[in-house]
Amino acid sequence: MKDNFYITTPIYYPSAKPHMGHAYSSIVADFFARLKRIQGHKVFFLTGTDEHGQKIQRAAEKSNKDPLKFCDEISKTFRNLSSLLNLSNDDFIRTTEKRHASAVTNLWNILEKKEEIYLSKYSGWYSVSDEAFYNEDEIEDLDGKKISKSSGSPVEWVEEESYFFKLSKWQEPLLKFYSENPKFILPKSRKNEVISFVKSGLKDLSVSRKSFSWGIKVPSNKDHVIYVWLDALTNYLSALNYPKETERLYKDFWPANIHIIGKDILRFHAVYWPAFLLAAGIKPPQRVYGHGWILSGDEKMSKSKGNILDPIEIIDIYGLDALRYYLLKEVSFGNDGNISKEKLESCINSDLANNYGNLCQRVILFCEKNLALKVPEKYSFTKEDLKILNDFNENIKNIEKQINDQNINYYVEYVVNQLFKANKYFNDQAPWTKKDDILRLNTIVFVSLELIRKISILLYPIIPNTSLKVLNIFSMMEKDIKFDTISNNEYLKDKKEIIKLGILFEKIKR
Ligand code: MSP
């Protein structure tokens, strides 16, 4: 049996409606979840919403709504986006749920009991928008206003009684943890950033707030609410029914294999989170991957900048799989990526319509005209046939290795190359010239069908709906999609009929 695999997206703030950055984190996580499932792993894939804290309380006040009612509404839009994106998540957690509160309180109690938390006073800068405390050297002046250097969000002065987590004590253990787990933070450039941040010295972290009430109360002192990041990070545990550590779900899936997050929330995941866990005697997750930002005209896409490509609108116009394919292929994973409608359209035309769509259409149409949509029973592979078919078995180990390091672009590039090769094979072999050599004609068709099948399996994590549509022509259902079968050159031997296939992607006219 293969190892279990637990993957998460960040939990999203329901302070405004979802945008492309959220869609991106989710699509990436879904890609890995689906891939791991077809590789035969038992997968738990989690997403959800982060509903406490001052940011949400203020957003609710602004709309004149009770915070929970406010969250109920917007959390729903995130849940809807999950279905719209065809996420294969196993759970959707909301931090306002009871199961979550009991996990957070439990973790807090352990930390308090272990004397990792003490009461003192915080005076310093706080950004409500980032829900983050900033040091003096992390802020700057902009038109007379103080803002965070890293995020550009406004900060305000806070002075209040607060509980502190002894983060400073964890500086050395964290550095040791990073060096013993060299792939805990990926990509490498971000790992270096985190290490130098930790090396520069960690101060104890304020982990409670007193001046507002929207959050989980500190169990021993109801005047305080638990800092929203300590609350939010714990979602990864509460979805596994923590503190029920002896039960199946927790035993099967903790520690998480990977948290997919954006680079802006790396410090919370790669410094605070493992420190809380180490302090509580819980194993930290195995990996945190900080992806880049989706940019529009070189700027982070954000509501305040008004440069948003709305995922719902894009899906409405171009379809979901086009968007999934585009984001996974064109954004270099780990780096920032500039996206535009123009680039999305070229991607649809060149890769999806001309390359994949064309291959499927031509082969199936030929098969319909010449073989009455039957899988050829008799065939005999030449050396050349075997070369193109075996390319998959020869590369599969390497692809798996690359993908275990989240090298999405390597994976997509391999698939695109195979598509080119398959189209070229069909062209060069020109089965329409082999009408007096039925065995050869049959063989070319058989090989081409196998290529379509193999490539469609590889495409499944990227464009699940379309891949499934194609695999359905061989009467393959979702449960039949198995990565291992890619190496089989004669999987289709026992299949008889092929079901006709409609157009996969319409070309965009410009
Ligand atoms: N609630 C916190 C996460 C808590 S996880 C325990 C949060 N929420 S968020 O809604 O603001 O952002 C969620 C994710 O979306 C982050 O990973 C963030 O990086 C990502 N994105 C938000 N805007 C983005 C882009 N423009 N591009 C790519 N991703 C960005 O932070």
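Residues numbered from 1 in each chain as written. Predicted model: local features only at pLDDT ≥ 70, side-chain atom pairs only at ≥ 80, totals over all residues.

A.B. asks: How do you make sense of the overall build of the chain when you look at a structure like this?
C.D. replies: Check the secondary structure of the chain and you find 17 helices and 18 strands. Computed over its C-alpha atoms, the radius of gyration of the chain comes to 26 Å, within 12% of the 24 Å expected for a compact globule of 510 residues. The dimensions of the chain, computed from C-alpha atoms along their principal axes, are 90 × 50 × 40 Å. Per-residue burial over the chain gives 46% buried out of 510 residues. (Helix = DSSP H or I, 4+ residues; strand = E, 2+ residues; numbered from the N terminus. Rg over C-alpha atoms; globule rule 2.2 N^0.38 Å. Buried ≥ 20, exposed ≤ 12 C-beta atoms within 10 Å, placed from the backbone.)

A.B. asks: When you look at the sheet that holds strand 15 (residues 288-291) in this model, what are you seeing that I'm missing?
C.D. replies: In a beta sheet, neighbouring strands pair by backbone hydrogen bonds and run either parallel or antiparallel. With respect to topology, six strands assemble into an open sheet ordered 3-2-1-14-15-9, the strand pairing being parallel. Only two strands of the sheet have a single neighbouring strand rather than two, namely strand 3 (91-94) and strand 9 (185-186). In this structure, strand 1 (residues 5-12) lies alongside strand 14 (residues 258-262), joined through two bridges in parallel fashion. Across the sheet, residue I7 finds its bridge partner in strand 14, namely I258. Relative to the sheet, helix 1 (residues 20-38) contacts strand 1, strand 2 (43-49), strand 14 and strand 15, its axis offset from that of strand 1 by approximately 170°. (Pairing = 2+ DSSP bridges. Contact = placed C-beta atoms within 7 Å. Axes fitted to C-alpha atoms, helices over the stretch in contact; angles between N-to-C directions.)

A.B. asks: Before we go on, may I ask you to explain the environment of I258 in this structure?
C.D. replies: Note on placement: I258 falls in strand 14. Here the alpha-carbon distance between I258 and T9, two residues 249 residues apart in the chain, equals 9.0 Å. Apart from residues lying up to four places away in sequence, I258 is in contact with I7, Q286, R287 and Y289.

A.B. asks: Sorry, what's going on with the environment of R248 here?
C.D. replies: Its place among the elements puts R248 in helix 9 (residues 248-253). Since 10 C-beta atoms lie within 10 Å of it, R248 is described here as exposed. For the pair formed by R248 and R267, sequence separation is 19 residues and the distance between their alpha carbons is 30 Å.

A.B. asks: Would you mind going over helix 10 (residues 266-280) with me for this structure?
C.D. replies: Given 3.6 residues to a turn, an α-helix orients residues that are three or four positions apart in the same direction. When the terminal C-alpha atoms of helix 10 are compared, their 21 Å separation across 15 residues agrees well with the 21 Å that a helix rising 1.5 Å per residue should span. With eleven of 15 residues buried, helix 10 is to be regarded as a mostly interior element. Within helix 10, the full set of buried residues consists of L266, H269, A270, V271, Y272, W273, P274, A275, F276, L277 and A279. At the C-terminal side of helix 10, G281 shows a positive phi close to 75°. (Expected span 1.5 Å × (residues − 1).)

A.B. asks: Help me understand the site of the ligand in this model?
C.D. replies: Around the ligand, 20 residues are found, and the nearest of them are P10, G21, D50, G262 and I294. Elements with a minimum of two residues in the shell around the ligand: strand 1, helix 1, helix 7 (228-233) and strand 14. Of the residues forming the shell around the ligand, the biggest block, four residues, is contributed by helix 1. For the shell around the ligand, a count of residues per class yields twelve nonpolar, five polar and three charged. (Near = placed C-beta within 6 Å. Nonpolar A, V, L, I, M, F, W, Y, C, P; charged D, E, K, R; others polar.)

A.B. asks: Even after reading the chapter, I still don't get the sheet that holds strand 8 (residues 156-165), so can you show me in this structure?
C.D. replies: Reading across from one edge, 5-4-8-10 is the order of the four strands in this open sheet, with antiparallel pairing throughout. Only two strands of the sheet have a single partner each, and these edge strands are strand 5 (132-134) and strand 10 (205-206). Direction of pairing for strand 4 (residues 117-127) relative to strand 5: antiparallel, over a ladder of three bridges. What sits directly across from W125, in strand 5, is Y134.

A.B. asks: Just to check I follow, could you spell out the packing of helix 13 (residues 341-371) against helix 15 (residues 408-429) for this structure?
C.D. replies: Relative placement of two packed helices is described by the angle separating their axes and the distance separating the axes. Packing of helix 13 against helix 15 leaves a shortest axis separation of 10 Å and a crossing angle of 40°. As judged from the angle between their axes, helix 13 and helix 15 are oblique. Seen along the crossing, helix 13 lies across helix 15 with a hand that is left-handed. For the pair helix 13 and helix 15, the contacting residues are D351, N355, Y356, N358, L359, R362 and V363 in the first and V416, L419, F420, A422, N423 and F426 in the second. A class-by-class count of the residues in the contact of helix 13 with helix 15 yields eight nonpolar, three polar and two charged. (Parallel < 35°, antiparallel > 145°, perpendicular 65-115°, else oblique. Left-handed = near helix turned anticlockwise from the far one by under 90°.)

A.B. asks: What should I look at first to understand the environment of A275 in this one?
C.D. replies: By the element assignment, A275 lies in helix 10. For A275, a count of 25 C-beta atoms within 10 Å puts it in the buried group. Expressed as a C-alpha distance, the spacing of A275 and W170, which sit 105 residues apart in the sequence, is 6.2 Å. Discounting residues that sit within four places of it in the chain, A275 has contacts with L167, W170 and L174.

A.B. asks: Even after reading the chapter, I still don't get the nonpolar core, so can you show me in this structure?
C.D. replies: Soluble globular proteins tend to pack their nonpolar side chains together in the buried interior. The biggest cluster of nonpolar side chains holds 145 residues, and the ones touching the most others in it are I7, I226, F276, A322 and C360. Ranked by residue count, the leading element in this core is helix 16 (residues 438-459), at twelve residues. Those residues in contact with I226 that sit more than four places away from it in its chain are V104, W108, V207, S208, G215, I216, V218 and D231. Among the nonpolar cores identified, the runner-up in size contains six residues, and Y126, V128, F133 and Y134 belong to it. (Core = buried A, V, L, I, M, F, W, Y, C linked by C-beta atoms within 7 Å.)

A.B. asks: Can you help me understand the pairing of strand 8 in this one?
C.D. replies: A regular strand places its side chains on the two faces of the sheet in alternate fashion. Bridge analysis of strand 4 against strand 8 gives ten bridges, and the strand direction is antiparallel. Looking at the pairing, S123 lines up with E159 of strand 8. Inspection of the sheet shows strand 8 paired to strand 10 by two bridges, in the antiparallel sense. Following the sheet pairing, F165 is matched in strand 10 by L205.

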